[in-house]
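Examination of the molecular architecture
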Amino acid sequence: MKPTLISITLGATLFVAGCDAAPTNSPAAMNNSTNSTMKFPLQRTEAEWRKILTPDQYHVLREAGTERAFTGKYWNTKEPGIYRCAACGEILFKSNDKFDSGCGWPSFSEIAAQGKVIAREDNSLGMHRMEVLCANCGSHLGHVFDDGPAPTGLRYCINSASIDFADTNSPATNAPEKK
Ligand SMILES: [Zn+2]
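Residues numbered from 1 in each chain as written. Predicted model: local features only at pLDDT ≥ 70, side-chain atom pairs only at ≥ 80, totals over all residues.

Moving on: the overall build of the chain. The secondary structure content of the chain amounts to 4 helices and 9 strands. Counting the 179 residues in the chain, one finds 27% classified as buried. (Helix = DSSP H or I, 4+ residues; strand = E, 2+ residues; numbered from the N terminus. Buried ≥ 20, exposed ≤ 12 C-beta atoms within 10 Å, placed from the backbone.)

Structure below.
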């Protein structure tokens, strides 16, 4: 039993270290996606996106913009519910995984379900980061960092403009607003 336990622990440590510094050790899905020719299930032209989205949403979702810290509508939201992609409606995050990171953007330690988002390398602005995209429509959501809470150790730092919150108690999207 003992050798097995040790190798599992070692493997987990190596994996965490690999995520931090060595891109060659990252999961394949993160590596092979650095080009802009990725195909997503939901395809729309940029003209169509412009019609559907507000200018702020378009800038963040389609031009990989970033809203200013502490200005988005969800950075301090604590109500139970789900967060959908503001572009296509896919459920991406849950309030259970939202935590107060103090960074001024909605922060999640986990995705609502495996495969809902895609991470790819982003070397813009002189930084090496992992960009997070909606796996369904390819829209920009934010970035993922490895300084989140246990057990995942991840911090999905997401723009409020990229997501739509839905109260758990009101499944219909046309439910009356609470404010
Ligand atoms: Zn989407």
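From this point on, the discussion continues.
Once that is clear, we can look at the nonpolar core. Counting 29 residues, the largest nonpolar core has Val117 and Cys134 as its most contacted members. Residue assignment for this core shows that the elements contributing at least two residues are helix 4 (55-63), strand 1 (81-85), strand 2 (91-94), strand 5 (117-122), strand 6 (129-134), strand 7 (140-145) and strand 8 (155-158). Counting residues per element, this core draws most heavily on strand 6, which supplies 4 residues. The contact partners of Val117, leaving out residues within four places of it in the chain, are Leu92, Ile111, Val132, Leu133, Cys134, Ala135 and Leu141. (Core = buried A, V, L, I, M, F, W, Y, C linked by C-beta atoms within 7 Å. Contact = placed C-beta atoms within 7 Å.)

A few words now on the sheet that holds strand 2. Strand order in the open sheet made by the 3 strands is 2-1-9, with antiparallel pairing throughout. Both outer strands of the open sheet, strand 2 and strand 9 (163-167), are each paired with one neighbouring strand and no more. Sheet twist, expressed as the average angle between the axes of neighbouring strands with direction ignored, equals 30°. Summarising the sheet, strand 1 and strand 9 pair through 5 bridges and their orientation is antiparallel. Across the sheet, Arg84 pairs through a bridge with Asp164, a residue of strand 9. (Pairing = 2+ DSSP bridges. Axes fitted to C-alpha atoms, helices over the stretch in contact; angles between N-to-C directions.)

This part is about helix 4. What helix 4 keeps buried is the set Gln57, Val60 and Leu61. Along the axis of helix 4, the buried positions cluster into a sector of 85°, meaning they face one direction only. Of the residues in helix 4, the exposed ones pointing more than 90 degrees away from the buried face are Pro55 and Glu63. Looking one or two residues past helix 4, Ala64 carries a phi angle of roughly 55°, positive in sign. (Arc of directions from axis to C-beta.)

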